[in-house]
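Analysis of the macromolecular model
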Amino acid sequence: MQAIILAGGLGERLRPFTADRPKTMVEVAGVPILAYQIAWLRASGVTRFIISCGYRHEVIQDRFGNGEEFGVQIEYAIEREKLGTGGGLKLALGAADASDPFLLATNGDILTDMDIASLVDLHAASENLATISLTQLQSPYGIVDSDDDHKVTAFHEKPLLPYWLSAGVYVLSPAIRELLPDKGDHERSTFPRIAAEGKLSAYKTKAYWRAVDTAKDLSDAETELTEKPLPHV
């Protein structure tokens, strides 16, 4: 199986950690985010990676090379100008083996131990153009309940909310490439379009998931993975 990792972001909200490296090379508990992703996907049967990168791409290439050290094959789709996630995905799909019935794609700034086999199985059964993974939204704050008499009745520390957000991990059929933008965000263009046509599936997961966008996210991820390391690393 092959996978695309979208690693072209500037990581501006993670400054100064991204001053000399792309966001995917920021370390969590001493390990680059990208290394977590490769280990996770390799354990799920992925043997070929296409890394879509731009800003400071040489840092990724110097560290991971052709993937031989990690027991996988790695190729690079390098953005010569800023393309956005949709454009970067389209560029990388051009380097993928189109003979495969589908392939994985993931945002390069997430940490997870999501079950890839179940995600792929759902997509294969749906025959849709894409399947996106969803994770339950957790409140970043404590929630307080009160009654009609203005009395506090309960406290809930950062509870899970009844909403789901895109976890940034997808299974794609090759035909979707023609529907992706040359520049821009596929989650704002392509995915709403195919959803309206009934060609987008959803896979809900309660696996560990953490997006690393800010210094606070980085600190929280450090704490979480120190207390409970991911099984594939």
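Located above this text is the structure these notes cover.
Reference entry: report on the structure contained in this document. (Residues numbered from 1 in each chain as written. Predicted model: local features only at pLDDT ≥ 70, side-chain atom pairs only at ≥ 80, totals over all residues. Heavy atoms only, no water.)

What about unusual backbone geometry?
Residue Arg15 is joined to Pro16 through a cis peptide bond whose omega torsion reads 5°. Locating Pro16 in the fold gives a position in the loop between β1 (2–7) and β2 (27–28). Its identity as a non-glycine residue notwithstanding, Ala29 has a phi of 55°, on the positive side. Among the structural elements, Ala29 can be located in the loop between β2 and β3 (31–32). On the basis of relative accessibility, which here comes to 36%, the residue Ala29 falls in the partly exposed class. (Helix = DSSP H or I, 4+ residues; strand = E, 2+ residues; numbered from the N terminus. Buried < 20%, exposed > 50% of the residue type's maximum accessible area, 1.4 Å probe, protein only.)

Digging into the sheet that holds strand β11 (residues 160–172)
Strand order in this open sheet of seven strands is β5-β4-β1-β6-β11-β8-β12, and the pairing throughout is mixed. Every other strand in the sheet has two partners, leaving β5 (73–78) and β12 (200–205) as the edge strands with one partner each. Sheet twist, expressed as the average angle between the axes of neighbouring strands with direction ignored, equals 30°. Sheet topology places strand β4 (residues 48–53) next to β5; six bridges connect them, and they run parallel. Bridging from a neighbouring strand, Arg48 pairs with Gln73 of β5. Its contacts with the sheet put helix α3 (residues 84–93) on β1, β4, β5, β6 (103–107) and β11, and the angle it makes with β1 is roughly 145°. (Pairing = 2+ DSSP bridges. Axes fitted to C-alpha atoms, helices over the stretch in contact; angles between N-to-C directions. Contact = heavy atoms within 4.5 Å.)

Quick look at the layout of surface pockets
Taken as a whole, the largest pocket holds about 1,200 Å³ of empty space. The wall of the largest pocket is formed by 38 residues, among which Gln138, Trp209, Arg210, Ala211 and Glu224 lie closest to the centre. Where the lining of the largest pocket is concerned, the elements lending two or more residues are β8 (130–138), β11, β13 (209–211) and α6 (215–227). Per-element accounting of the lining of the largest pocket gives the leading share, seven residues, to α6. Partitioning the lining of the largest pocket into residue classes produces 14 nonpolar, ten polar and 14 charged. The space that makes up the second largest pocket amounts to roughly 780 Å³. Lining the second largest pocket are 27 residues, with Gly9, Leu10, Lys23, Thr85 and Asp109 sitting closest to its centre. At the level of elements, β1 and α3 are the ones that each hand at least two residues to the lining of the second largest pocket. Of the residues forming the lining of the second largest pocket, the biggest block, three residues, is contributed by α3. Residues belonging to the lining of the second largest pocket are distributed by class as follows: five nonpolar, twelve polar and ten charged. (1 Å grid on protein atoms, 1.4 Å probe; cavity = no way out; pocket = protein on both sides within 12 Å on 5 of 7 lines; lining within 4 Å. Points joined across faces, edges and corners; volume = space filled by probe spheres on them. Nonpolar A, V, L, I, M, F, W, Y, C, P; charged D, E, K, R; others polar.)

Notes on the pairing of β1
For β1, a buried count of six out of six residues is recorded, marking the element as mostly surrounded by other parts of the structure. Where burial is concerned, the two faces of β1 agree: the one with Gln2, Ile4 and Leu6 and the one with Ala3, Ile5 and Ala7 are both buried. Inspection of the sheet shows β1 paired to β4 by six bridges, in the parallel sense. Considered in β4, the bridge of Leu6 is made with Ser52. In this structure, β1 lies alongside β6, joined through four bridges in parallel fashion. The residue bridging Ile5 from the neighbouring strand is Thr106, located in β6.

Section: the nonpolar core
Where a protein is soluble and globular, its nonpolar side chains tend to be buried together. The biggest cluster of nonpolar side chains holds 30 residues, and the ones touching the most others in it are Leu41, Phe49, Phe64 and Leu104. The set of elements that each furnish at least two residues to this core consists of β1, α1 (33–43), β4, α2 (57–64), β5, α4 (116–126) and β11. Among the elements that line this core, the one with the most residues is α1, at five residues. Apart from the residues lying within four places of it in its own chain, the contact partners of Phe49 are Ala3, Ile5, Ile38, Leu41, Arg42, Val72, Gln73, Ile74 and Glu75. Counting residues in hydrophobic clusters, the runner-up holds 20 residues, among them Ile4, Leu129, Ala130 and Ile194. (Core = buried A, V, L, I, M, F, W, Y, C linked by side-chain atoms within 4.5 Å.)

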